[in-house]
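Here's the letter readout for the chains.
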Amino acid sequence: MTKIIKKTPTGACSYIESDERTGAVTAERDFPGIFPVYYTVTDTGCFCGYSIRSVLKSSGIKREIDPDALGLYLTFSCLPGNRTFFKNVKKLMPGCILTYKGKELSIKQVYNFDTKKKISGINKTATETAVRLSVEDAIRKCHANAAFLSSGIDSSILTRLGNVSDTYTIDYDEAQFSEANAAEAFSKAIGASHHRLNISYKDYFESIPECSLHLEQPVGDCSYPVYYLLCKMAAKNNRVIFSGEGSDELFFGYLLSDYLKFGWYEKFPIAIRKKLPELFGGLHPTLNRFLKFHDGDPFDGYRGPVTVYTDIEKKELLKDYHGENVLRELLYELNDGISDLPVEERIYYFNIREWLEADILTGAVKLSSAAGLDVLMPFLDRNVINIANTIPVKYQLHGSETKHMLREAFKDILPDHIVHAKKKGFPVPVAAWMKNPDVINDIRAVLNCTEAEQYFNKEMVSNMLDRFISSPDDNWLWRKIWLLYSFVVWVKSASLHLSSE
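Now for a description of the structure that goes with this document. (Residues numbered from 1 in each chain as written. Predicted model: local features only at pLDDT ≥ 70, side-chain atom pairs only at ≥ 80, totals over all residues. Heavy atoms only, no water.)

### Quick look at the packing of helix α20 (residues 437–447) against helix α22 (residues 458–470)
- The contact between α20 and α22 brings their axes to 11 Å, and the two run at 175 degrees. In terms of orientation, α20 and α22 fall into the roughly antiparallel class. Contacts between α20 and α22 pair Ile440, Ile443, Arg444 and Leu447 from the former with Val461, Ser462, Leu465, Asp466, Phe468 and Ile469 from the latter.
- Across the contact of α20 with α22, the residue classes tally to seven nonpolar, one polar and two charged. (Axes fitted to C-alpha atoms, helices over the stretch in contact; angles between N-to-C directions. Helix = DSSP H or I, 4+ residues; strand = E, 2+ residues; numbered from the N terminus. Parallel < 35°, antiparallel > 145°, perpendicular 65-115°, else oblique. Contact = heavy atoms within 4.5 Å. Nonpolar A, V, L, I, M, F, W, Y, C, P; charged D, E, K, R; others polar.)

So, in structure tokens, the structure goes:
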């Protein structure tokens, strides 16, 4: 009997247990999904591992890219749900137990959010105290002398209460994207040594192939390479470090006023709302999006903080796309049990089920580990999670200020400009770098390669690149190009790596 366990100081635990004599396998993934667990079932048994590469190697299955996974990636910029980019290799979802015995596979959800737990009203003072005590207790369970530090509330709390001696921040020559000056000022104020990592576009693009190999998937989130380079810098002098993952999702750090201000509309019967897109949606694209978002069908509703390609665009772009049903199934899965909740609560749970697990934690854990660094994430302590889950979203927002309860809980230990700072979201100047002719020409060369032509309509890709050159300030066009570029880089890197094993 072999059992491999991965756990955090705050109580998250994943394990894989296998019986070599009988072939029985048991695996459990922690909630909310800090440690990924992958598996496949073949005629010879069930193979589990903490990496896709280990499952491919131990099972000996054919390495084929799943076109349905590509379609989901182009929608979400990550890969939510139980798919991976390889056919027949699945991901165990957070809070689930897998058992394989007698050639029978069973997967059971043993922990998830109680979506009915939130109450209509709370004692604000008592809740702020509970938030404060739970976060302080989680930080005490962890031991680190360093922290990643931006100018935001999350990392500032960890840096201040963690009594760290060193802080690490990204810096750019493009001053409008840099938080380094504000981070250094706070670091000096608490007596910590501050370390800046200046990243150029050359550093960034050169790191992408290595980064994608460690992620075992395309680099959909453009902050991943930056995070990886910062981890490598911090790992030179540290083994563990504080990081603020989970805070945005648990304490509602995304400003979604456009979705929330029309809650009154959802008081109309669903039967009526379902008819209105067909009747009036053709009047204007914005009106059509609004009517579909509120029509009660998760397939037309909220799809996460970043959704890039529409279904129509994917049909035109991809040479092999038949993924409408795959997307619909995933959206219904992500919306399971929350479709009757108020719009802001649906968004809250959707972000945790999709964005936190598939994007935020995937990058944090795999890239820090590859750099030789253990990232400690106190906001993902089970007690912090449970308390956050009792706070209705309406208390988490205060006008245009997000994470209001968290800010109020720690306002006495942080400067006012940090407590009320607007979220910047780990900004990376990819769009600005892509305006450089050398960069966009390199991207064009990658998207003209043989690997790209296997998946994408060459003419549409070329038109997108031309449109970006003529309209470089289009905030969504660069994202669309970026997703294609990072996918092709991953395919090229993965092919070379796997062929050498």
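### Some words on the side chain of threonine 402
- Counting through the fold element by element, threonine 402 comes out in the loop between α16 (393–396) and α17 (404–409).
- Threonine 402 sits in the buried class, given a relative accessible area of 6%.
- Each residue touching threonine 402, except ones within four places of it in the same chain, is listed here: Phe252, Gly253, Tyr254, Leu255, Gln396, Leu397 and Arg407. (Buried < 20%, exposed > 50% of the residue type's maximum accessible area, 1.4 Å probe, protein only.)

### Considering the sheet that holds strand β7 (residues 96–101)
- Taken together, five strands build an open sheet; the order of strands is β1-β2-β3-β7-β8 and the sheet is antiparallel. Edge strands, defined here as strands with exactly one partner in the open sheet, are β1 (2–7) and β8 (104–109). Adjacent strand axes in the sheet meet at a mean angle of 10 degrees, parallel and antiparallel pairs treated alike.
- Here β7 pairs with β8 via six bridges, running antiparallel. Bridge pairing links tyrosine 100 to leucine 105 in β8. (Pairing = 2+ DSSP bridges.)

### As for helix α5 (residues 180–189)
- Along α5, the residues that are buried comprise Ala180, Ala183, Phe186 and Ser187. Down the axis, α5 shows its buried residues gathered within 130 degrees of arc, on one side only. With respect to the buried face of α5, the exposed residues turned more than 90 degrees away are Asn181, Lys188 and Ala189.
- Buried positions along α5 lie against α4 (153–161), β10 (166–171), β11 (193–198) and α18 (416–419).
- Glycine 191 sits one or two residues past α5 and shows a positive phi near 85 degrees. (Arc of directions from axis to C-beta.)

### So, the packing of helix α10 (residues 270–280) against helix α11 (residues 285–293)
- Packing of α10 against α11 leaves a shortest axis separation of 8 Å and a crossing angle of 165 degrees. Put simply, α10 runs roughly antiparallel to α11. Note on packing geometry: the crossing formed by α10 with α11 is left-handed. For the pair α10 and α11, contact is made by Leu276, Pro277 and Phe280 and by Leu287, Asn288, Leu291 and Lys292, respectively.
- Here the contact of α10 with α11 is composed, by residue class, of five nonpolar, one polar and one charged. (Left-handed = near helix turned anticlockwise from the far one by under 90°.)

### A look at the nonpolar core
- If you look at the biggest cluster of nonpolar residues, it comprises 150 residues, and the most contacted ones within it are Phe148, Tyr204, Ile443, Phe456, Trp482 and Phe487.
- When near neighbours in sequence (up to four residues on either side) are disregarded, tyrosine 204 contacts Ile199, Cys222, Pro225, Val226, Val428, Val430, Trp433 and Trp482.
- By size, the runner-up hydrophobic cluster in this structure holds 14 residues, among which are Ile16, Ala27, Val37 and Cys48. (Core = buried A, V, L, I, M, F, W, Y, C linked by side-chain atoms within 4.5 Å.)

### Topic: the pattern of salt bridges
- Here the structure, examined in full by the defined rule, presents 30 salt bridges.
- A salt bridge links aspartate 374 to arginine 239, with the shortest nitrogen-to-oxygen separation between them at 3.3 Å. Residue aspartate 374 is located in strand β13 (residues 374–376), and its partner arginine 239 is located in the loop between α7 (224–234) and β12 (240–242); the two are separated by 135 residues in the primary sequence.
- Under the relative-accessibility criterion, arginine 239 is labelled exposed at 59%. (Salt bridge = Lys/Arg side-chain N within 4 Å of Asp/Glu carboxyl O.)

### Describing unusual backbone geometry
- Going from phenylalanine 31 to proline 32, the amide bond is cis rather than trans, its omega being 20 degrees.
- Structurally, proline 32 can be placed in the loop between β3 (25–28) and β4 (37–42).
- You will see that glutamate 216, though not glycine, has its phi angle at about 65 degrees, which is positive.
- With respect to the helices and strands, glutamate 216 occurs in the loop between α6 (201–215) and α7.
- You will see that phenylalanine 252, though not glycine, has its phi angle at about 55 degrees, which is positive.
- Along the chain, the position of phenylalanine 252 falls in the loop between α8 (247–250) and α9 (257–260).

### Focus: the environment of valine 375
- Tracing the sequence through the fold places valine 375 in strand β13.
- Judged by relative accessible area, which is 14%, valine 375 ranks as buried.
- Spatially, the C-alpha atoms of valine 375 and aspartate 311 are 36 Å apart, while their sequence positions differ by 64 residues.
- Once residues within four sequence positions are removed from consideration, valine 375 is found in contact with Phe148, Tyr227, Ile241, Ser243, Glu245, Ala364 and Ser368.

### Here we look at the sheet that holds strand β6 (residues 90–92)
- Ordered by their spatial adjacency, three strands build an open sheet running β5-β4-β6, and the pairing between neighbours is antiparallel. Both edges of this open sheet fall to β5 (45–49) and β6, since each of them pairs with a single strand only. When the angles between neighbouring strand axes are averaged without regard to direction, this sheet yields 35 degrees.

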